[in-house]
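# Survey of secondary and tertiary structure
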Amino acid sequence: DAEEILPTELFVRIHNRIIVNMAHITELECTHASLKVTGGEELGISRTRKHDFETAYDQYIRKNS
């Protein structure tokens, strides 16, 4: 339910149970399909969500650089 009200230009689902605020991504590891967020926690990106994540993150970076 939360995903429906969160702004899609800032939040993206990376796993069945995980939605990430892209403003808090501090490191991205494409070869291992994982990322780190503020606080140092490492999160995996599911294979089924990887393409959607990459597209959304690319758009986020272009708008906020």
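What comes next is a walk through the structure. Fair warning: this is a prediction, and the values are worked out from it, not measured in the lab.

This structure, assessed with the given rule, holds two aromatic pairs. Aromatic pair Phe53 and Tyr57: ring centres 5.5 Å apart, planes at 15°, arrangement stacked. Of this pair, Phe53 and Tyr57 both sit in helix α2 (residues 47-64), four residues apart, which is roughly one turn of the helix. Both residues of the pair, Phe53 and Tyr57, belong to the buried class. You can call Tyr57 buried: its relative accessible area is 16%. Through successive ring pairs, a cluster of aromatic residues spans Phe53, Tyr57 and Tyr60.

Rules behind the numbers
- Residues numbered from 1 in each chain as written.
- Predicted model: local features only at pLDDT ≥ 70, side-chain atom pairs only at ≥ 80, totals over all residues.
- Heavy atoms only, no water.
- Phe/Tyr/Trp six-rings, centres within 6.5 Å; stacked < 30°, edge-to-face > 60°.
- Helix = DSSP H or I, 4+ residues; strand = E, 2+ residues; numbered from the N terminus.
- Buried < 20%, exposed > 50% of the residue type's maximum accessible area, 1.4 Å probe, protein only.

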